[in-house]
Number of protein chains: 2
Amino acid sequence: MKVGIVGYGNLGKGVESAVQHTKDMELIGIFTRRNPACIKPKTNVKIYTMNAIERMVGIIDVFILCGGSAKDLPKQTKMLAKYFNVIDSYDVHGNIYNHFKEVDSASKSGKHISIISIGWDPGLFSLQRLYGQAILPKGKDYTFWGKGISQGHSDAIRKIDGVLDAREYTIPKKKIIEGVKQGKNIDVAKNLYHIRECYVVVKNGIDTKKIEHQIKTMPYYFNDYETHVHFITQTEMDENYNQLSHGGSIFRNGVTGYDHEQHHHTIEYTLKLDSNPEFTASVLVAYARAAYRLQKEGQTGCRTIFDIAPCYLYESSREELIKKLL
Amino acid sequence: MKVGIVGYGNLGKGVESAVQHTKDMELIGIFTRRNPACIKPKTNVKIYTMNAIERMVGIIDVFILCGGSAKDLPKQTKMLAKYFNVIDSYDVHGNIYNHFKEVDSASKSGKHISIISIGWDPGLFSLQRLYGQAILPKGKDYTFWGKGISQGHSDAIRKIDGVLDAREYTIPKKKIIEGVKQGKNIDVAKNLYHIRECYVVVKNGIDTKKIEHQIKTMPYYFNDYETHVHFITQTEMDENYNQLSHGGSIFRNGVTGYDHEQHHHTIEYTLKLDSNPEFTASVLVAYARAAYRLQKEGQTGCRTIFDIAPCYLYESSREELIKKLL
């Protein structure tokens, strides 16, 4: 199975590494909008310009798209889906259905398979939401993110006039997690589950009180949250706030039984990730295998994580799966 | 979708209750080897003898088999798979592949769908093993069971001469779980993960030292484990050791990245169940929906939890799933 990577940021680097850990995939090329001469891959893989993609028909089985969800993927996935099997990690929750519809029609017209929104949220967390709700229809979901950097919230702070750099850490509140773990039904609003810890570098002589106020009152991103703001130097930022670690938990607390004798159940799914992009890349690579197999079966169109039978992710045969893992 | 239950023990009662919590299923009947007059269901459902099953062709869409794995299911699933869509919770790990082959050929000859070995282990835990290994191929699995009663181990003690009743609780060792949670790779043998706590009622005047020795030296079940034996009265047993609660955790600790810079990741899946049979029943009911839908698509043969795309478990349409859960 021959794989190509589009975009060589942290996610693309993660895919390059994850493909090395498989036995059934070969990385054919990395495709970039930058000057290929400026890119030093970690393996011996070839670097191509984006224009070279059109020559890859019949050569590359699945393209793993590693661009950003804001600007790259809405165009790239749709464009490439017509000519190749593709997979992306599109994560703008509110727009996923539109993205799905567009990519689906492109894939169908080119008779290819595409899989969108693969990662951990959307992705593995979405899967746990589905399994939890299907198994315990009477119950409640709880999702906790972090501790980890939120790119969206960091970007929102960086746009404030006078801010030079910023990182926002989302941190779930321990007491609330503990309550949910014990099967309690917590009735507080979602924004009270998390603390937003902001590290900010500002221009010399700027009024930090004003910046702090601007952050804490920013609608949607911060005003409904417990938000802490810390002003630091660029050196401190580069040295201490540069981790790619992330994680989170998703719980389903549900009840079964007759009305007069109910039993409580808790399903917990927790991820602790040293490298968010490398883990997301590993999920993408497993689902790229599924895209390849689905097309071999003659299927076409766009799929989500909900549509893929788990066996498509695994290298071994069905017999081995049943004998070893069931 | 019309459902029938075969067998009315704890699991059958759980299914009766779980079907009430769905919007798309109707429970048509409970089928039993006992005298139907002796069975008092919790709902208004009809009770039938096993002979009545043959009249249910065209009436019942899916039979949920709630018999035991030792004696009932190896015969029942295969027999009924020829005439109906069926689902079971067959859990003898070492024999699942044989069971699969037999049920598969019966289902194919009758053009029906069967799903075997549904529950949490085998079942949801198997699923997590697959997802974990597919996403983090470089890594290690850890499975912890309990705290909960092991039926097999309890039965093994009951077979000892002089024992009137027995319950065995499997309890995972906290220190080991904590190490695994922190991403450590634990290199001790599996039998050292768990403690076996045995509560035993014996005949008057029996030599308890001898019974204790027999339990602790029993091959496979106890001799390799830290085993504690407590002798109690039947009254104590009935009052204090009658819970149906269970649970467990499954971890995948894996690494990603290039050889010289590796990142650790931990995936944890934990179940805390007040009622083991009611939870298992809830998993069966969700997968019964999948069996029905697969046959409607014209598919036939036997499936495992690995073969079923998650969307088949959920009542809503694909559009709703993407919009609400992804």
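The structure contained in this document is the topic of the report that follows. If you're wondering where the values come from, they're calculated on a predicted model, not measured in any experiment.

So, how was this worked out
Residues numbered from 1 in each chain as written. Chains lettered and ligands numbered in written order. Predicted model: local features only at pLDDT ≥ 70, side-chain atom pairs only at ≥ 80, totals over all residues. Heavy atoms only, no water. Helix = DSSP H or I, 4+ residues; strand = E, 2+ residues; numbered from the N terminus. Rg over C-alpha atoms; globule rule 2.2 N^0.38 Å. Buried < 20%, exposed > 50% of the residue type's maximum accessible area, 1.4 Å probe, protein only. Contact = heavy atoms within 4.5 Å. Areas by Shrake-Rupley, 256 points an atom, 1.4 Å probe, with all protein chains shown as cover. Lys, Arg positive; Asp, Glu negative; His and termini not counted. Charge placed at Lys NZ, Arg CZ, Asp CG, Glu CD. Core = buried A, V, L, I, M, F, W, Y, C linked by side-chain atoms within 4.5 Å. Axes fitted to C-alpha atoms, helices over the stretch in contact; angles between N-to-C directions. Parallel < 35°, antiparallel > 145°, perpendicular 65-115°, else oblique. Nonpolar A, V, L, I, M, F, W, Y, C, P; charged D, E, K, R; others polar. Pairing = 2+ DSSP bridges. Arc of directions from axis to C-beta. Expected span 1.5 Å × (residues − 1). Buried area = accessible area lost by both parts, 1.4 Å probe. Salt bridge = Lys/Arg side-chain N within 4 Å of Asp/Glu carboxyl O. Polar contact = N/O pair within 3.5 Å; in protein donor to acceptor, adjacent residues only side chain to side chain. Phe/Tyr/Trp six-rings, centres within 6.5 Å; stacked < 30°, edge-to-face > 60°. Disulfide = S-S within 2.5 Å.

### Concerning the overall build of chain A
Within chain A, the secondary structure is distributed over 10 helices and 14 strands. Against the 2.2 N^0.38 benchmark of 20 Å for 326 residues, chain A shows a C-alpha radius of gyration of 22 Å, consistent with a compact globule. C-alpha extents for chain A along the principal axes are approximately 65 × 60 × 35 Å. Counting the 326 residues in chain A, one finds 59% classified as buried. Put simply, 67% of the contacts in chain A that link residues at least 6 apart link residues at least 24 apart. Accessible surface, chain A as shown: approximately 14300 Å² in total, 48% of it carbon and sulfur. Taken as two groups, the 43 positive and 36 negative side-chain charges of chain A have centres that lie 3 Å from each other.

### Let's talk about the nonpolar core
Judged by nonpolar contacts, the single largest core of 164 residues is most densely connected at Phe63, Phe279 and Tyr287 of chain A together with Phe63, Phe279 and Tyr287 of chain B. Among residues more than four places away in sequence, those in contact with phenylalanine 279 of chain A are Trp120, Leu124, Leu271 and Leu273 of chain A together with Ile135, Leu136, His265 and Ile267 of chain B.

### Digging into the packing of helix α4 (residues 124-135) of chain A against helix α9 (residues 276-296) of chain B
Packing of α4 of chain A against α9 of chain B leaves a shortest axis separation of 8 Å and a crossing angle of 105 degrees. It follows from the interaxial angle that α4 of chain A and α9 of chain B lie roughly perpendicular. Of the residues in α9 of chain B, those touching α4 of chain A at Tyr131, Ala134 and Ile135 of chain A are Phe279, Ser282, Val283, Ala286 and Tyr287 of chain B. When the residues that make up the contact of α4 of chain A with α9 of chain B are grouped by side-chain class, the tally is 7 nonpolar, 1 polar and no charged.

### Description of the sheet that holds strand β11 (residues 226-231) of chain B
Residue and element names in this part refer to chain B. The 4 strands lie next to each other as β8-β9-β10-β11, forming an open sheet whose pairing is mixed. Bordering the open sheet on either side are β8 (148-149) and β11, each of which pairs with just one other strand. Bridge count for β8 against strand β9 (residues 163-172) is 2 bridges, and the pairing is antiparallel. For isoleucine 149, the partnering residue across the bridge sits in β9 and is tyrosine 169. Relative to the sheet, helix α5 (residues 151-158) contacts β8, β9 and β10 (194-202), its axis offset from that of β9 by approximately 145 degrees.

### Observations concerning helix α10 (residues 318-325) of chain A
Considered for burial, the residues of α10 of chain A that qualify are Leu321, Ile322 and Leu325 of chain A. An end-on view of α10 of chain A places all buried positions within 110 degrees of arc, on one side of the element. Exposed positions of α10 of chain A whose direction lies more than 90 degrees from the buried face are Lys323 and Lys324 of chain A. Where α10 of chain A is buried, its residues meet α3 (96-110) and α4 (124-135) of chain B.

### Here we look at α4 of chain B
All names here are of chain B. Spanning 12 residues, α4 covers 16 Å between terminal C-alpha atoms, matching the ideal 16 Å at 1.5 Å per step. Within α4, 12 of the 12 residues are buried, leaving the element largely enclosed by the surrounding structure. All of the buried residues in α4 are Leu124, Phe125, Ser126, Leu127, Gln128, Arg129, Leu130, Tyr131, Gly132, Gln133, Ala134 and Ile135.

### So, the interface of chain A and chain B
Every contact between the two is made by 71 residues of chain A and, on the other side, 71 residues of chain B. When chain A packs against chain B, the two sides together hide about 6600 Å² of surface, and 62% of this comes from carbon and sulfur. On the surface where chain A and chain B come into contact, there are 2 salt bridges. One salt bridge connects aspartate 307 of chain A with arginine 318 of chain B, and the closest N-O pair in it is separated by 3.0 Å. The tally of links between chain A and chain B comes to 42 residue pairs in polar contact (both at pLDDT 80 or more). Of all elements in the fold, only α1 (10-20), α3 (96-110), α4, β12 (246-258), β13 (261-273), α9 (276-296), β14 (301-303) and α10 of chain A reach the threshold of two or more residues within the side of chain A that touches chain B. In terms of residue count, the dominant contributor to the side of chain A that touches chain B is β13 of chain A (12 residues). Residues belonging to the side of chain A that touches chain B are distributed by class as follows: 36 nonpolar, 18 polar and 17 charged. As defined by bridge partners, β13 of chain A adjoins strand β13 (residues 261-273) of chain B across 9 bridges and the pair is classed as antiparallel.

### Things to note about the environment of glycine 132 of chain B
Residue and element names in this part refer to chain B. Mapped onto the secondary structure, glycine 132 falls in helix α4. Put simply, glycine 132 and glycine 254 are 122 residues apart on the chain and 8.6 Å apart in space, counted from C-alpha to C-alpha. With residues up to four places along the chain from it excluded, the contact list for glycine 132 reads Arg252 and Ile267.

### Here's the deal with the packing of aromatic side chains
Ring pairs (aromatic) are described by centroid distance and by the angle formed between their planes. Inspection of the entire model under this criterion finds 28 aromatic pairs over all chains. With a centroid separation of 6.2 Å and 70 degrees between ring planes, the pair formed by tyrosine 169 of chain A and tyrosine 241 of chain A is classed as edge-to-face. With tyrosine 169 of chain A in strand β9 (residues 163-172) and tyrosine 241 of chain A in the loop between α8 (234-240) and β12, the pair connects residues that are 72 residues apart, well separated along the chain. Classification of tyrosine 169 of chain A as buried rests on a relative accessible area of 6%. Since its relative accessible area comes to 19%, tyrosine 241 of chain A is described here as buried. Ring centres of phenylalanine 31 of chain B and phenylalanine 63 of chain B lie 5.2 Å apart, and the angle between their planes is 75 degrees; on these two criteria the pair is classed as edge-to-face. With phenylalanine 31 of chain B in strand β2 (residues 26-32) and phenylalanine 63 of chain B in strand β4 (residues 62-65), this residue pair connects regions lying 32 residues apart in the sequence. The exposure class assigned to phenylalanine 31 of chain B is buried, which follows from its relative accessible area of 0%. Accessibility expressed as a relative area gives 0% for phenylalanine 63 of chain B, which makes it buried.

### A few points about the sheet that holds β13 of chain B
Reading across the sheet, the 6 strands line up as β7(A)-β12(A)-β13(A)-β13(B)-β12(B)-β7(B) and stay open at both edges, with antiparallel pairing between neighbours. The sheet is open, and its two borders are formed by β7 (139-145) of chain A together with β7 (139-145) of chain B, each paired with just one other strand. On average, each strand axis in the sheet is inclined to that of its neighbour by 10 degrees, with strand direction left out of account.

### Focus: the state of the cysteines
Applying the stated criterion across every chain yields a total of 0 disulfides over all chains. Residue cysteine 311 of chain A stays outside any disulfide, its sulfur separated by 13 Å from that of cysteine 311 of chain B, the closest cysteine. Free cysteine cysteine 302 of chain B: the closest other cysteine sulfur is in cysteine 311 of chain A, separated by 13 Å.

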